[in-house]
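Observations on chain architecture
Residues per chain are reported as follows:
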Protein chains: 2
Amino acid sequence: MKRSIEDTSVVFIGAGNLATNLAKALYHRGFRIVQIYSRTKESAQNLAQMVEAEYTDELPAITEDAQLYIVSLKDTALVQLLPEFTSGKSDALWVHTSGSIPMNVWKGRVERYGVFYPMQTFSKLREVDFKEIPIFIESHSEEDTLFLRDIALVLSERVYEVNSEQRKNLHLAAVFVCNFTNHMYVLAAELLRKYRLPFEVMLPLIDETARKVHKLEPCDAQTGPAVRYDENIIDSHLQMLADEPEMQELYRLISKSIHRQVEAGI
Amino acid sequence: MKRSIEDTSVVFIGAGNLATNLAKALYHRGFRIVQIYSRTKESAQNLAQMVEAEYTDELPAITEDAQLYIVSLKDTALVQLLPEFTSGKSDALWVHTSGSIPMNVWKGRVERYGVFYPMQTFSKLREVDFKEIPIFIESHSEEDTLFLRDIALVLSERVYEVNSEQRKNLHLAAVFVCNFTNHMYVLAAELLRKYRLPFEVMLPLIDETARKVHKLEPCDAQTGPAVRYDENIIDSHLQMLADEPEMQELYRLISKSIHRQVEAGI
């Protein structure tokens, strides 16, 4: 019987937002998740239950005979714990899922290694559709690159091979379009709460702002007081933020940056 | 024959992004747009053609016998030109479409007045679906409030009555969720261009970030290095922005603000 790629036995090291979503996606596509490690027993157990795997909260108890180890830890933990969790498992393929850690972090520790970075904002309680998530892969061996590509293609239609430098840059750009954007929503929600206005009135605007850049360059999609350089409104908004110095400073800086973009574009 | 609300004769003063979208939406719903004024003849003519109206670029030539005047000018222009364009037309209903200008701007100039603020990001070349756009109305007379509500309900399912203070706040919140968010996209596009990565790889992340806040509170939707307070990544990102001091400062401030939110939430 020909073995399919889904027969690959996978261990997850880490059980956070990304690991949870990725493990579930692989599991639903028929992959064999054999074990989950997390520093927190409860997290390991929760995820293990969802994907019918064993679990452990002890590094030495990580199984040695899996074919693929997917490490999804906070970057500092990954670097710190790497010597310990890789020890004795040098035949398998090792990948991490971080946007920012270079592939070379594995060098000298294991033979076969790479990166498997699905670029999305993951929350444990929210199911995402992996099909549309871009997955960025990297490996130093051609064979393992093909292997990672095949796995990624089971999950998503958008698989790209990028180097560590590009991936780092993608991650930085992702922080802007996702985390910083979400923070703009957070600040707006804070403002609206003061005037007892419901955040949901913002949703059509949020949606259209996102939809617009599917069709227009972001710089061509810009509207509002800063791009028109409507100083009256800008000043009045800054006054309204007088008792929120941090938000005021952000308003000032972002408006200045928008205005600079316009000037640069002319 | 009973006259329907669509028989209302409407004049637009202003032919910018908002006026263009609103005039077209009213026209398509059967309203009679009788005239467009714009300081720029070409803009007036363009919009007039789209909605089968007359046009002028001279304030004294604005027709005196319309029933509804919708003023959609830059805030400073509105305030400055108001005495001139209202002169001799005191029987009609006057509304402006600005988020930031209080309703009282009309006081002493005309008898019947109010505000008709559709909160959306409008670009001339992009058609929007008015049905989902929240429209915020205000008038000092009950009768005109009802009239404005009826007009708004022809266009949208989301019509709210708010006072000038609330509207100003909605507008400020809108700047955050729309203009500032779009600027995050602009900055990301700039970063990606440097590494010759296509902006479109960001779209699934942008969409999910917007979709998430339909289901989660914005503060609960947050992910990324700042909310985890992953100093390694934050420092590495700041280093990557060393030759972009403005972007670096924004990165620092927004990350600090995200972190403050987390601490406040605990």
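Note that the structure is predicted; figures quoted are calculated from it, not measured. (Residues numbered from 1 in each chain as written. Chains lettered and ligands numbered in written order. Predicted model: local features only at pLDDT ≥ 70, side-chain atom pairs only at ≥ 80, totals over all residues. Heavy atoms only, no water.)

When you go through chain A residue by residue, the secondary structure sums to 10 helices and eight strands. The contacts of chain A with a sequence gap of at least 6 include a subset with a gap of at least 24, amounting to 54%. Carbon and sulfur atoms make up 46% of the accessible area of chain A, which amounts to about 11700 Å² in all. (Helix = DSSP H or I, 4+ residues; strand = E, 2+ residues; numbered from the N terminus. Contact = heavy atoms within 4.5 Å. Areas by Shrake-Rupley, 256 points an atom, 1.4 Å probe, with all protein chains shown as cover.)

It is worth spelling out the packing of helix H9 (residues 231-240) of chain A against helix H10 (residues 245-265) of chain A at this point. Residue and element names in this part refer to chain A. Look at H9 against H10: their axes get within 9 Å of each other, and the N-to-C directions meet at 160°. Looking at the two axes, H9 sits roughly antiparallel to H10. In the packing of H9 onto H10, the handedness of the crossing is left-handed. Residues Ile-233, Ile-234, His-237 and Leu-238 of H9 lie in contact with H10, whose contacting residues are Gln-248, Tyr-251 and Arg-252. Looking at the contact of H9 with H10, its residues break down into four nonpolar, two polar and one charged. (Axes fitted to C-alpha atoms, helices over the stretch in contact; angles between N-to-C directions. Parallel < 35°, antiparallel > 145°, perpendicular 65-115°, else oblique. Left-handed = near helix turned anticlockwise from the far one by under 90°. Nonpolar A, V, L, I, M, F, W, Y, C, P; charged D, E, K, R; others polar.)

Moving on, we come to the nonpolar core. Counting 123 residues, the largest nonpolar core has Phe-85 and Phe-176 of chain A together with Phe-176 and Met-202 of chain B as the members making the most contacts within it. Apart from residues lying up to four places away in sequence, Phe-85 of chain A is in contact with Ile-13, Leu-59, Ile-62, Val-71, Leu-73, Leu-78, Trp-94 and Trp-106 of chain A. Counting 35 residues, the second-largest nonpolar core is a separate cluster that includes Ala-15, Leu-26, Ala-44 and Val-154 of chain A. (Core = buried A, V, L, I, M, F, W, Y, C linked by side-chain atoms within 4.5 Å. Buried < 20%, exposed > 50% of the residue type's maximum accessible area, 1.4 Å probe, protein only.)

Bringing the pattern of salt bridges into the picture now. Close approach of charged atoms allows side chains of opposite charge to pair. Evaluation of the coordinates by the stated rule reveals 26 salt bridges over all chains. Residue Arg-149 of chain A pairs with Glu-161 of chain A through a salt bridge whose shortest N-O separation is 3.7 Å. Remark: Glu-161 of chain A occurs in strand E8 (residues 159-161) and Arg-149 of chain A occurs in helix H4 (residues 142-155); sequence separation between them is 12 residues. A salt bridge links Arg-126 of chain B to Glu-208 of chain A, with the nearest nitrogen and oxygen atoms 2.6 Å apart. Placement of the pair is Arg-126 of chain B in the loop between strand E6 (112-118) and strand E7 (135-139) and Glu-208 of chain A in helix H6 (residues 203-215), with the two residues belonging to separate chains. Considered together, Arg-126 of chain B and Glu-208 of chain A belong to a single accessibility category, that of buried residues. (Salt bridge = Lys/Arg side-chain N within 4 Å of Asp/Glu carboxyl O.)

Pairs of aromatic rings are described using the distance from one ring centre to the other and the angle between the two planes. Going through the model one piece at a time under the given rule, you end up with 18 aromatic pairs over all chains. When the ring of Phe-136 of chain A is compared with that of Tyr-160 of chain A, the centres are 5.3 Å apart and the planes differ by 20°; the resulting orientation is stacked. One end of the pair, Phe-136 of chain A, is in strand E7 (residues 135-139); the other, Tyr-160 of chain A, is in strand E8, and 24 residues separate them in sequence. Between Phe-85 of chain B and Trp-94 of chain B, the aromatic rings sit 5.7 Å apart at their centres with planes inclined by 20°, giving stacked as the arrangement. Residues Phe-85 of chain B and Trp-94 of chain B agree in their burial class; the two are buried. Taken together, the ring pairs in this structure connect Tyr-69, Phe-85, Trp-94 and Trp-106 of chain A into an aromatic cluster. (Phe/Tyr/Trp six-rings, centres within 6.5 Å; stacked < 30°, edge-to-face > 60°.)

Let us look at the domain arrangement of chain A. Residue and element names in this part refer to chain A. Domain annotation for chain A reports domain 1 (7-162) and domain 2 (168-264). For domain 1 and domain 2, the distance between their C-alpha centres works out to 35 Å. Counting residues at the interface gives seven residues for domain 1 and five residues for domain 2. Of the roughly 500 Å² buried between domain 1 and domain 2, counting both surfaces, carbon and sulfur atoms make up 69%. Between domain 1 and domain 2 we count zero salt bridges in total. Across the side of domain 1 that touches domain 2, the residue classes break down as four nonpolar, three polar and no charged. (Domains from an automatic or database assignment. Buried area = accessible area lost by both parts, 1.4 Å probe.)

Here we come to the UniProt feature "domain: DUF2520" (unreviewed entry) in chain A. Under the local residue numbering, the UniProt record ascribes the feature "domain: DUF2520" (unreviewed entry) to residues 133-258 of chain A. Helix makes up 71% of residues 133-258 of chain A and strand 6%, and the two end C-alpha atoms of the span are 29 Å apart. (UniProt positions renumbered as here; feature names shortened; annotations may be inferred.)

A word on the relation of the copies chain B and chain A. You can overlay chain B on chain A at an RMSD of 0.0 Å; the transform is a turn of 180° with a shift of 0.0 Å along its axis. Read as a symmetry element, the transformation amounts to a two-fold axis. Relative to the rotation axis, the closest C-alpha in chain B is found at Thr-181 of chain B, a distance of 2.5 Å. Here 100% of the contact residues of chain B are again contact residues in chain A; the copies associate through an equivalent surface. (Least-squares fit on C-alpha atoms with pLDDT ≥ 70 in both.)

All names here are of chain B. Burial of strand E5 (residues 93-96) is two-sided: the residues Leu-93 and Val-95 facing one way and the residues Trp-94 and His-96 facing the other way are all buried. Strand direction decides the pairing type here: strand E4 (residues 68-71) and E5, joined by four bridges, are parallel. Paired with Val-71 across the bridge in E5 is His-96. Bridging between E5 and E6 involves four bridges; their strand directions are parallel. In the sheet register, Val-95 faces E6, and the bridge partner there is Gly-114. (Pairing = 2+ DSSP bridges.)

In this section: the packing of helix H5 (residues 164-194) of chain A against helix H6 (residues 203-215) of chain B. Axis separation between H5 of chain A and H6 of chain B bottoms out at 9 Å; the angle between their running directions is 20°. As judged from the angle between their axes, H5 of chain A and H6 of chain B are roughly parallel. When you trace H5 of chain A past H6 of chain B, the crossing you get is right-handed. Between H5 of chain A and H6 of chain B, the residues in contact are Ala-174, Val-177, Cys-178, Thr-181, Asn-182 and Tyr-185 of chain A and Leu-205, Ile-206, Thr-209, Ala-210 and Val-213 of chain B, respectively. Taken together, the residues of the contact of H5 of chain A with H6 of chain B break down into eight nonpolar, three polar and no charged.

A few words now on the interface of chain B and chain A. Interfaces are often sized by the amount of accessible area the parts lose when they come together. Facing 93 residues of chain B, the contacting portion of chain A comprises 93 residues. Between chain B and chain A, a total of about 9300 Å² is buried, with carbon and sulfur atoms accounting for 66% of that surface. Residues Glu-132 of chain A and Arg-211 of chain B are paired through a salt bridge, measuring 3.1 Å at the closest nitrogen-oxygen approach. One can count 30 residue pairs in polar contact (both at pLDDT 80 or more) joining chain B with chain A. Among the elements that make up the side of chain B that touches chain A, the one with the highest residue count is helix H5 (residues 164-194) of chain B (27 residues). Of the residues in the side of chain B that touches chain A, the class split is 49 nonpolar, 24 polar and 20 charged. (Polar contact = N/O pair within 3.5 Å; in protein donor to acceptor, adjacent residues only side chain to side chain.)

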